[in-house]
Amino acid sequence: MNHLVAPSMLSADFLNLAKDIEMVNKSEADWFHLDVMDGVFVPNISFGFPIIEKIRKIANKPLDIHLMIVDPDRYLERFIKSGAFLLSVHYEACIHLHRTIHAIHDLGAKAGVVLNPHTSVNLLENIIKDVDLVLIMSVNPGFGGQKFIERTYTKISRLKKLILDNESQAMIEVDGGVDLVNASGLLKSGVDVLVAGNTVFSSPNPSETIRLLKNI
Ligand code: DX5
Ligand code: ZN
């Protein structure tokens, strides 16, 4: 499978959000990556339903929503009604992860699980066949523009093996500090979806940067 690129809108210009959405619409990007932060699970607050519903109105690509919130079960239905095609919850935030993943499916969306940098992929052994995607954090979640954690390559290789050993269909997404230098190694390790915020939106030509990420 050719890999996908999901620009993280956290790094977009919120005073000109429509312009950045149009740029992504016209680019070679595959998904919009939307980071929802509650100020409790992570030390930052981003945006919620009103913004997502507005983005959905003009976005012409699927919304990949990354929930960095405690007790995500309370809001699954609203996020899916707001337009999530893929809804990803943190392993560390879900006491009954199996139930949460199946609730997302029952509500009609794809379901992903996210691992913080310290969380072992081995913990996914009993859920890997149930999820559509595993999102590996390559920074500690909460902020864009952080430094990529090098151990991520090993983690992704191990996750790929776990997926193959269990005959799971799960895709692998990586998020945090992804750039034009580390992207090729990540893809070789087994990544299917590259998330990139700062690399895209801080570049002089974001659409061209998306094209470069897509054509690695
Ligand atoms: C971090 C978010 C990321 C972030 C990525 O908590 O999950 O999606 O926006 O930004 P960059 O690519 O700048 O590290
Ligand atoms: Zn994210």
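Look up a bit, the structure's there.
Everything numeric here is computed off the predicted structure, so don't read it as measured data.

What counts as what
Sequence positions are assigned chain by chain, starting from 1 and proceeding in written order. Both sets of labels track the order of writing: A upward for chains, 1 upward for ligands. Given that this is a predicted model, residues contribute local features only at a pLDDT of at least 70 and side-chain atom pairs are listed and counted only at 80 or more, while totals for whole chains, interfaces and linings are drawn from all residues. Computation of side-chain values covers all heavy atoms of the structure but excludes hydrogens and water. Residue types Ala, Val, Leu, Ile, Met, Phe, Trp, Tyr and Cys, when buried and joined through side-chain atoms within 4.5 Å, form a set referred to as a nonpolar core. Partly exposed describes any residue whose relative accessible area lies between the buried limit of under 20% and the exposed limit of over 50%, with all areas from a 1.4 Å probe on protein chains only and scaled to the type maximum. Contacts between residues were defined by any pair of non-hydrogen atoms, one from each residue, lying within 4.5 Å. Atoms are scored as donors when they are N, O or S and lie within 2.8 Å of the metal, with 3.2 Å used for Na, K and Ca; no water is included, so coordination may look incomplete. In this scheme the shape depends on donor count and angles: four donors with every angle between 85 and 135 degrees give tetrahedral, four or six donors with opposite pairs above 155 degrees and others between 65 and 115 give square planar or octahedral in turn, and any other case is irregular. By the criteria applied, helices consist of DSSP H or I runs no shorter than four residues and strands consist of E runs no shorter than two, each listed in order from the N terminus. Two rings belonging to Phe, Tyr or Trp (six-membered ring only in the last case) form a pair when the distance between their centres is within 6.5 Å. Interplanar angles under 30 degrees mark stacking, angles over 60 mark edge-to-face geometry, and anything in between is tilted. Two limits define a charge over a ring: the Lys NZ or Arg CZ must be within 6 Å of the ring centre, and within 35 degrees of the ring normal.

> Can you walk me through the nonpolar core in this structure?
When a protein is soluble and globular, its nonpolar side chains tend to lie buried together. Formed by 60 residues in total, the largest nonpolar core has its most connected members in Ile65 and Leu159. Among all residues touching leucine 159, those that are not within four sequence positions of it are Val121, Leu124, Ile128, Val134, Ile136 and Ile172.

> Hey, could you run me through the coordination of the zinc ion (ligand 2) in this one?
Octahedral metal centres with six donors ideally show angles of 90 or 180 degrees, and tetrahedral centres with four donors ideally show 109.5 degrees. Taken together, the protein ligands of the zinc ion (ligand 2) are His33 (NE2), Asp35 (OD), His66 (ND1) and Asp175 (OD), with distances of 2.0 to 2.3 Å. Coordination at the zinc ion (ligand 2) comes from 6 donor atoms whose angles at the metal span 69 to 167 degrees, giving a geometry best classed as octahedral. Linear spacing of the donor residues for the zinc ion (ligand 2) on their chain is H-x1-D-x30-H-x108-D. You can see aspartate 35 sitting in strand E2 (residues 32–37) and its partner aspartate 175 sitting in strand E7 (residues 171–175), a full 140 residues away along the chain.

> Is there a simple way to think about the packing of aromatic side chains in this case?
Think of a pair of aromatic rings as described by two things: how far the centres are apart, and how the planes are tilted against each other in angle. The tally for this structure, following the rule as stated, stands at 5 aromatic pairs. Ring centres 6.1 Å apart and planes at 45 degrees place the aromatic pair phenylalanine 49 and tyrosine 75 in the tilted group. Of this pair, phenylalanine 49 sits in helix H2 (residues 49–58) while tyrosine 75 sits in the loop between strand E3 (63–68) and helix H3 (76–81); the two residues are 26 residues apart in sequence, bridging distant segments of the chain. Note on phenylalanine 49: relative accessible area 12%, which makes it buried. Taking relative accessible area as the criterion, tyrosine 75 reaches 27% and is therefore assigned partly exposed. Taken together through their ring pairs, the aromatic side chains of Phe49, Tyr75 and Phe79 make up a single cluster. Between the NZ or CZ atom of arginine 78 and the centre of the ring of phenylalanine 49, over which it lies, the distance is 3.9 Å.

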